[in-house]
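If you want the building blocks of each chain, they are given just below.
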Amino acid sequence: MKNFIKKIKEFKKDPKKRSLYLLIVYGIFFIIVFIYIKSGQPSNTPIKYDNNSQTANENIENSQNKKEISNYEYTYEINKDNNLLKISGTYYDNKDNFKLDSEDYNIKDYYIYSNTTNELIVEFPISRLSYNEIEKLLNNFDYNSKTEYKDGNISYEYIINNKDYKTFINDSNDIDGNIKIIVNKKDYIEKLEIDLSEYYNIENYKIIINYANINNILKVENN
């Protein structure tokens with residue numbers, strides 16, 4: 001050991017070897033500091049979730065849902081007791097531009113009436129079928145099943161109790177049963193099938209909604 005220390009002292013006195021000596025000393029010092037810092041950190045820091053937190057995939061889906069939907073095209077097919085009513089249009093600049101497939105009906109304050117009898121044709125305002133309203137509805141309930149496809153499409157099935165739906169829309173309906181909704185989406189919701197037969201106690205009451213060109217409309221002009 002004494003010989004080793006003596007050699008180091010001789011090594012330091014030699015001007016040609018002094019720079020190399022200092023380089024080695026500093027190198028050893030920085031290696032020790034690096035090892036000390038690394039040893040003070042855990043290699044894998046776990047991500048903590050509370051009991052109400054969601055998985056990463058669910059958070060991604062919710063972040064997609066939160067994108068602002070400012071414009072789109074749509075078609076509504078309302079089949080009530082096998083009487084089919086089709087509505088198409090665009091939503092742009094906070095306005096709806098409707099087009100009915102029949103001159104027998106008109107839309108006033110989002111309600112559909114008969115032109116001949118002034119009878120209310122659909123029990124609810126069709127604004128309830130807008131993209132943003134549908135999204136609020138779906139975000140308020142859990143889906144019953146989910147199917148993912150290779151092309152990125154996802155299909156959800158919702159079965160919502162009539163009482164829960166009634167509460168959500170602030171309705172006075174007291175009929176027992178369920179509402180069934182099937183949703184197809186990729187980046188955005190593209191298609192829905194809603195079965196309201198049990199909610200309104202009608203043998204056949206189904207609605208098919210298609211959304212297209214979501215957030216892809218630059219300008220709408222009406223003459």
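Remember, predicted model here, so these are calculated numbers, not experimental data. (Residues numbered from 1 in each chain as written. Predicted model: local features only at pLDDT ≥ 70, side-chain atom pairs only at ≥ 80, totals over all residues. Heavy atoms only, no water.)

A.B. asks: Hey, could you run me through the packing of aromatic side chains in this one?
C.D. replies: Each aromatic ring pair is characterised by the separation of its centres together with the angle its planes make. Applying the stated criterion across every chain yields a total of 16 aromatic pairs. Each ring, one from Tyr199 and one from Tyr200, has its centre 5.0 Å from the other, and the planes form 90°; the classification is edge-to-face. Tyr200 gets classed as buried once you look at its relative accessible area, which sits at 16%. Here the aromatic residues Tyr72, Tyr74, Tyr76, Tyr91, Phe98, Tyr110, Tyr131 and Tyr211 are joined through ring pairs into a cluster of three or more. (Phe/Tyr/Trp six-rings, centres within 6.5 Å; stacked < 30°, edge-to-face > 60°. Buried < 20%, exposed > 50% of the residue type's maximum accessible area, 1.4 Å probe, protein only.)

A.B. asks: Teacher, can you tell me more about helix α4 (residues 131-139) here?
C.D. replies: Because an α-helix completes one turn every 3.6 residues, residues spaced three or four positions apart along the sequence face the same direction. Within α4, the full set of buried residues consists of Tyr131, Ile134, Glu135, Leu137 and Leu138. Seen end-on, α4 carries its buried residues on one side only, within an arc spanning 160°. (Helix = DSSP H or I, 4+ residues; strand = E, 2+ residues; numbered from the N terminus. Arc of directions from axis to C-beta.)

A.B. asks: Sorry if this is basic, but what is going on with a nonpolar patch on the surface here?
C.D. replies: Together, Ile24, Ile28 and Ile32 line one region of the surface with nonpolar side chains, adding up to about 290 Å² of accessible area. Following the sequence through the fold, Ile28 ends up in helix α2 (residues 15-39). (Patch = residues over 30% accessible without salt bridge, like charges linked within 9 Å, V, L, I, M, F, W, Y side chains within 5 Å. Areas by Shrake-Rupley, 256 points an atom, 1.4 Å probe, with all protein chains shown as cover. Salt bridge = Lys/Arg side-chain N within 4 Å of Asp/Glu carboxyl O.)

A.B. asks: Looking at this model, I keep getting lost on the sheet that holds strand β7 (residues 154-161). Mind explaining?
C.D. replies: Sheet strands associate in pairs through backbone hydrogen bonding, adopting either a parallel or an antiparallel arrangement. Here eight strands make up an open sheet; going across it, the order is β3-β2-β1-β10-β9-β8-β7-β6 and the pairing antiparallel. Here the strands that pair on one side only, and so sit at the sheet edges, are β3 (95-100) and β6 (145-148). Averaged over all pairs of adjacent strands, the angle between strand axes in this sheet comes to 15°, irrespective of strand direction. Here β7 runs beside strand β8 (residues 178-185); their pairing, made up of eight bridges, is antiparallel. Bridge pairing in β8 links Ile160 to Ile179. Against the sheet, α4 touches β1 (71-80), β7, β8, β9 (189-195) and β10 (205-212), its axis set at about 65° to β9. Across the sheet, helix α5 (residues 162-169) is in contact with β7 and β8; its angle to β7 comes to roughly 90°. (Pairing = 2+ DSSP bridges. Axes fitted to C-alpha atoms, helices over the stretch in contact; angles between N-to-C directions. Contact = heavy atoms within 4.5 Å.)

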